[in-house]
Amino acid sequence: MRLDIKNSKRFAKTLKAITGKSLDNTITGITTDSRNCKPGDLYVALKGVRSDGHKYIDEVERKNASAALVSALDDNKKLKIKQILVGDTKKTLGLIANEWRKNFKIPVIAITGSNGKTSTKELLYHVLNHKYNVHSTQGNYNTSIGLPLSLLGINKYHDISIIEMGANQPGDIKYLCNIADPTHGLITNISSAHLEGFQSVENILETKIALFNYLDEGIAYVNCADDRLRKIKIKGEKITYGLNAECHFPADIHHDDDGSLVLTIDSKELKTKSKNLSFAKNIIAVTAVSITLGLEWELLQERILTFNPPKGRCRILKHKKLTIIDDTYNANLESCIAAIDYLMAFAGNGRRIAVFGDMLELGNASKEQHEKLGIKCSNVGLDAIYTIGEEMKFTNSVISGVSLNLHYDDRKALISHLKSELKDNDKILFKGSRGMKMENILSGVFET
């Protein structure tokens, strides 16, 4: 991970406030990966499970890094790079980011949840950035390492910051809140994602609601369509939204003449030009935030219609006469079910085909979750299902009533089969967890 530093003087002052050390050279960037190091960078040496960043001090010196933040000094006397010694480099990175954050008295909107947090963040950024100068988490910089780097991207010209928060284990969101100091918080939903690290949905809920608990004097946006979130006691101000009348932003979903979804939110109609129910739900959340921050309804509608989903997140691609749904970024049971519903909503002739890779990080619940996906596949009228991965064998084994249901252990064989079997007008969905790299299968089939 790497970030350009726009204000080197302020960064030097921030670093000294936390470490007590002055810099000899100007810092123009910060990185945690020696491979991405550029001249002028501060290299943060992190100790990981598989690698220790302290082994690469000589490499970043050769790349003309300005300094290295370390928890153990490299005693190689030939090294000239300035080494700043701290007790814990990851913790210090968070403290530096928090100190940087204190310079900016702007709304900081934190977004977390089991599904849809990145898509919601991207839509909110697109909607707000036409009127305001918005800072936002880039890519997947939402972890205890990535989030501090995201915060260091805030500068004096920003009006609003949108920070995505990811969690893989209990306590993660509380830790990230203490770094980012959010003023607003939104939890998209609570489901069984990352069960391997949490063991139970209850632990996921406890971890995620740390965001709402942090906002004593802030604003919590509560999704009333989520039974677990609706029941949470909110300490600060509460703004509700959802598919029921008892909300600040009550929403109803219906269809336009062409089958695309139309939303009525607080008596205002919003067209989507999309059949994606997950996208419609993201719009409801984004509406609650945007309108309370002062955006006009007319501008909200305009920005919704000009939004394009990021790569790998229910993005629609066309290849000759085929329709491709690229939802390859990640997967859990709830998002897979939503993706199937999206696929089945497409009108017109042609088969509806799903290509699934393993849903990872589900721990002891993996077999049950994969079987539930198979039952869903059996009941919706899919024409063909292709699966790949060890866990997807459980899905494949329970599917019934589908004329073509094939499992593969080898991705080359799967790619070859799809190339030979796809026909004009087919609609095909690609989805799987990040570790399955389903985008490589998609690109292999269509040579994109």
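Right above here is the structure, for reference.
Residues numbered from 1 in each chain as written. Predicted model: local features only at pLDDT ≥ 70, side-chain atom pairs only at ≥ 80, totals over all residues. Heavy atoms only, no water.

Turning next to the layout of surface pockets. Quantified by volume, the second largest pocket comes out at close to 1,200 Å³. As for the second largest pocket, its lining consists of 31 residues, of which Leu46, Lys47, Gly48, Val49 and Ile145 are closest to the centre. For the lining of the second largest pocket, the elements supplying multiple residues, two or more each, are α3 (89–101) and α6 (172–180). Per element, the largest residue contribution to the lining of the second largest pocket is 3 residues, and it comes from α6. Of the residues assigned to the lining of the second largest pocket, the class counts are 9 nonpolar, 14 polar and 8 charged. (1 Å grid on protein atoms, 1.4 Å probe; cavity = no way out; pocket = protein on both sides within 12 Å on 5 of 7 lines; lining within 4 Å. Points joined across faces, edges and corners; volume = space filled by probe spheres on them. Helix = DSSP H or I, 4+ residues; strand = E, 2+ residues; numbered from the N terminus. Nonpolar A, V, L, I, M, F, W, Y, C, P; charged D, E, K, R; others polar.)

Moving on to the pattern of salt bridges. The tally for this structure, following the rule as stated, stands at 22 salt bridges. Note that arginine 2 and aspartate 4 form a salt bridge whose closest N and O atoms lie 2.7 Å from each other. Among the salt bridges present, the one from lysine 367 reaches glutamate 371, with a minimum N-O distance of 2.6 Å. In this pair, lysine 367 and glutamate 371 both sit in helix α14 (residues 366–379), 4 residues apart, roughly one turn of the helix. Given a relative accessible area of 42%, lysine 367 falls into the partly exposed group. Relative accessible area serves as the criterion here: at 21%, glutamate 371 is assigned to the partly exposed category. A cluster of three or more residues bridged by salt bridges with shared partners is formed by Arg2, Asp4 and Asp41. (Salt bridge = Lys/Arg side-chain N within 4 Å of Asp/Glu carboxyl O. Buried < 20%, exposed > 50% of the residue type's maximum accessible area, 1.4 Å probe, protein only.)

This next bit is on the sheet that holds strand β7 (residues 134–136). In space, the 9 strands of this open sheet follow the order β7-β8-β6-β9-β10-β11-β12-β13-β14, with mixed pairing throughout. The sheet terminates laterally at β7 and β14 (268–271), the two strands that pair on one side only. Adjacent strand axes in the sheet meet at a mean angle of 20°, parallel and antiparallel pairs treated alike. Bridge count between strand β12 (residues 249–255) and strand β13 (residues 261–265): 5 bridges; the pairing is antiparallel. The residue of β13 that forms the bridge with histidine 254 is valine 262. (Pairing = 2+ DSSP bridges. Axes fitted to C-alpha atoms, helices over the stretch in contact; angles between N-to-C directions.)

Attention shifts here to the side chain of threonine 272. Tracing the chain through its elements places threonine 272 in the loop between β14 and α11 (277–292). A polar contact is formed between the side chain of threonine 272 and the backbone oxygen of leucine 261, at a distance of 2.5 Å. A polar contact is formed between the side chain of threonine 272 and the backbone nitrogen of serine 274, at a distance of 3.1 Å. Apart from residues no more than four positions distant in its own chain, threonine 272 is found in contact with Leu261, Leu263, Phe279, Ile283, Ile304 and Leu305. (Polar contact = N/O pair within 3.5 Å; in protein donor to acceptor, adjacent residues only side chain to side chain. Contact = heavy atoms within 4.5 Å.)

Take the nonpolar core next. The biggest cluster of nonpolar side chains holds 51 residues, and the ones touching the most others in it are Phe11, Ile30, Leu152 and Met165. Of all the elements, α6 adds the most residues to this core, at 5 residues. Excluding anything up to four places from it in sequence, phenylalanine 11 contacts Ile5, Ile27, Ile30, Leu42, Ile96, Trp100 and Leu152. Leu270, Phe279, Val289 and Leu299 belong to the second-largest nonpolar core, a separate cluster that totals 37 residues. (Core = buried A, V, L, I, M, F, W, Y, C linked by side-chain atoms within 4.5 Å.)

With that settled, the discussion passes to the packing of α11 against helix α12 (residues 297–305). Here α11 crosses α12 at 145°, and the two axes come no closer than 11 Å. Seen along the crossing, α11 lies across α12 with a hand that is right-handed. Judged by residue contacts, Phe279, Ile283, Thr287, Ser290 and Ile291 of α11 engage Trp297, Leu300 and Ile304 from α12. In the contact of α11 with α12, the residues fall into 6 nonpolar, 2 polar and no charged. (Left-handed = near helix turned anticlockwise from the far one by under 90°.)

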